[in-house]
Amino acid sequence: KPRVTKSILNLDLSEKHFFNHYIKAHGFNSVQSGEQYRYLSEGQQEAFFARVMTGDMSKAIFALNGLSANARNKTLTIEIEKKFIPEKLNSLLDVLTDFGWVEVKKAQNEGHLSLAYRDEDIRRFLNGIWLELYVEKQLKAILPSVRIYRGLKAEAQRYSNELDLVFFYENKVYVLPALSR
């Protein structure tokens with residue numbers, strides 16, 4: 001029998017019913033709420049969205065996502081070979097430096113830069129949480145009365161899957177992946 005834990009962010013009864021069926025149909029047996037991200041102010045998030053959503057920043061975003069994913073260590077630092085830096089990533093890094101989120105400096109290796117994240121929260125935000133928050137904001141603007149759940153974890157016997165954004169509309173479950181790579 002599918003099970004939805006109490007930590008599913010207080011789904012109402014009709015939502016639980018539909019969500020249970022959805023989860024069961026996909027072979028999962030439980031859902032737990034994931035970590036909720038709320039470390040940057042809305043103003044900081046808006047400033048980032050305004051910069052990222054202007055012009056064609058796709059290569060820069062792709063590169064930033066990869067760098068952020070690979071900077072998971074105690075120092076939150078990663079080296080980048082200059083020749084592999086997309087053109088627009090430099091301007092994006094300038095903005096992030098102005099925000100105080102990252103520090104870019106010459107690395108010890110010739111032809112490399114060192115990118116240091118201010119803290120783990122910034123690294124996680126730049127690793128893709130920003131896109132979840134942006135899509136959630138857009139959905140709320142379109143469907144203001146719909147409750148949106150972010151970061152749910154669906155678990156089965158041997159695997160788990162993060163459900164980036166889940167919402168219910170007209171008795172249907174919608175699961176939206178937010179992939180920035």
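Up top is the structure.
Residues numbered from 1 in each chain as written. Predicted model: local features only at pLDDT ≥ 70, side-chain atom pairs only at ≥ 80, totals over all residues. Heavy atoms only, no water.

### Regarding the pattern of salt bridges
When charged atoms on two side chains of opposite charge get close, those side chains can pair. Summed over the entire model, instances satisfying the criterion amount to eight salt bridges. Of the charged contacts in the structure, one is a salt bridge between E103 and K105, with a shortest N-O distance of 4.0 Å. One salt bridge connects R150 with E132, and the closest N-O pair in it is separated by 3.9 Å. Of this pair, R150 sits in strand 6 (residues 148-155) while E132 is found in helix 5 (residues 120-142), placing the two residues 18 residues apart along the sequence. Each member of the pair, R150 together with E132, is buried. Via salt bridges that share partners, E132, E136, K140 and R150 belong to a single interconnected network. (Salt bridge = Lys/Arg side-chain N within 4 Å of Asp/Glu carboxyl O. Helix = DSSP H or I, 4+ residues; strand = E, 2+ residues; numbered from the N terminus. Buried < 20%, exposed > 50% of the residue type's maximum accessible area, 1.4 Å probe, protein only.)

### What about the sheet that holds strand 5 (residues 112-117)?
Strand order in the open sheet formed by three strands is 3-5-4, and the pairing between neighbours is antiparallel. This sheet does not close on itself; its edge strands, each paired only once, are strand 3 (77-81) and strand 4 (102-106). Across this sheet, the average inter-strand angle for adjacent strands is 25°, counted without regard to direction. The sheet contact formed by strand 4 and strand 5 spans five bridges and is antiparallel. Paired with V102 across the two strands is Y117, which belongs to strand 5. Contacting strand 3 and strand 5, helix 3 (residues 58-70) crosses the sheet at an angle of about 70° to strand 5. The strands touched by helix 4 (residues 87-99) within the sheet are strand 4 and strand 5, with strand 4 carrying the most contacts at an inclination of about 120°. (Pairing = 2+ DSSP bridges. Axes fitted to C-alpha atoms, helices over the stretch in contact; angles between N-to-C directions. Contact = heavy atoms within 4.5 Å.)

### With respect to the pairing of strand 7 (residues 160-169)
In this structure, strand 6 lies alongside strand 7, joined through seven bridges in antiparallel fashion. For A154, the partnering residue across the bridge sits in strand 7 and is N161. The turn joining strand 6 and strand 7, which pair antiparallel and follow one another in sequence, is formed by four residues. Examined bridge by bridge, strand 7 and strand 8 (residues 172-176) share five bridges and lie antiparallel to one another. Its bridge partner lying in strand 8, L165 is registered against L176. Hairpin geometry of strand 7 and strand 8 is characterised by an intervening segment of two residues between the two adjacent antiparallel strands and by a positive phi of about 50° at E170.

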